[in-house]
Amino acid sequence: MEEQKKRLLEVLREKSLKIGNFTLVSGMTSHYYFDSKPTTLDPEGGYLTARMILQMLKEKGIKAESIGGLTLGADPIVSAVAAVSFAEKDQFTPLSAYIVRKEAKKHGTQKFIEGFDGGPGTKVVVVDDVCTTGGSTVKAINLSIDAGYDVVAVVCLVDREQGGAEALKDYPFFSLFTATELLDDPGIQAQIKALA
């Protein structure tokens, strides 16, 4: 798994890390921006992300029936996790996926949750691509709970280490990478210093 983590870090830096001046969803400003979708929608990046999440859940002993998160950042992650969990069911328990809408559907069923439709008490993992303050992740957790699910763990691809872990302290919280790890490269540090 260490080789896969190293490779995923390379893919993240190459495809998803942007250096510049940015305003984040949280309203904070930053000299770097992490757009997960070029990685999580990439064949190799999506596979590695899914496999690492599945391996982490297995190692931590997290038992769940489904994995879901707030659209749009979680969409490619939960889809890949579901597919890889089935393709590699000799190693992992297959997990269904669900997507949490930001607003209830205005027609048809008018619901927030799409995809997996488990009953009350169903054990789920909530995932997010980036966790800054935890606001989006908390919204996905609360809407999952409102649907009757039991959130047994929360996972993110990158923890920006800006309060999100604290906001999620009521749940087992795991990140594949921290901002410190993502930015721990002399070339990246030089680019950030040039902006300061």
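These remarks concern the structure in this document. Please read these numbers as outputs of a predicted model, since none were measured by experiment.

1. Considerations on the sheet that holds strand β3 (residues 66–70)
- Reading across from one edge, β5-β4-β3-β6-β7-β8 is the order of the six strands in this open sheet, with mixed pairing throughout. Either end of the sheet is taken by a strand with one partner, and the two such strands are β5 (113–115) and β8 (173–178). Recorded for the sheet is a direction-independent mean angle of 25° between the axes of neighbouring strands.
- Sheet analysis places β3 next to strand β4 (residues 96–100), joined by five bridges and oriented parallel. From the neighbouring strand, L70 faces β4, where its bridge partner is V100.
- Strands in contact with helix α1 (residues 2–15) are β7 (150–159) and β8; relative to β8, the strand with the most contacts, it is inclined by about 65°.
- Where helix α5 (residues 135–146) meets the sheet, it contacts β3, β4, β5, β6 (123–131) and β7, and its direction lies at approximately 160° from that of β6.

2. Comments concerning helix α4 (residues 75–87)
- Its 13 residues place the ends of α4 18 Å apart at the C-alpha level, agreeing with the 18 Å of an ideal helix rising 1.5 Å per residue.
- Of the surrounding secondary structure, the elements contacted by the buried residues of α4 are α2 (37–40), α3 (43–60), β3, β4 and β6.

About the thresholds
- Residues numbered from 1 in each chain as written.
- Predicted model: local features only at pLDDT ≥ 70, side-chain atom pairs only at ≥ 80, totals over all residues.
- Heavy atoms only, no water.
- Pairing = 2+ DSSP bridges.
- Helix = DSSP H or I, 4+ residues; strand = E, 2+ residues; numbered from the N terminus.
- Axes fitted to C-alpha atoms, helices over the stretch in contact; angles between N-to-C directions.
- Contact = heavy atoms within 4.5 Å.
- Expected span 1.5 Å × (residues − 1).

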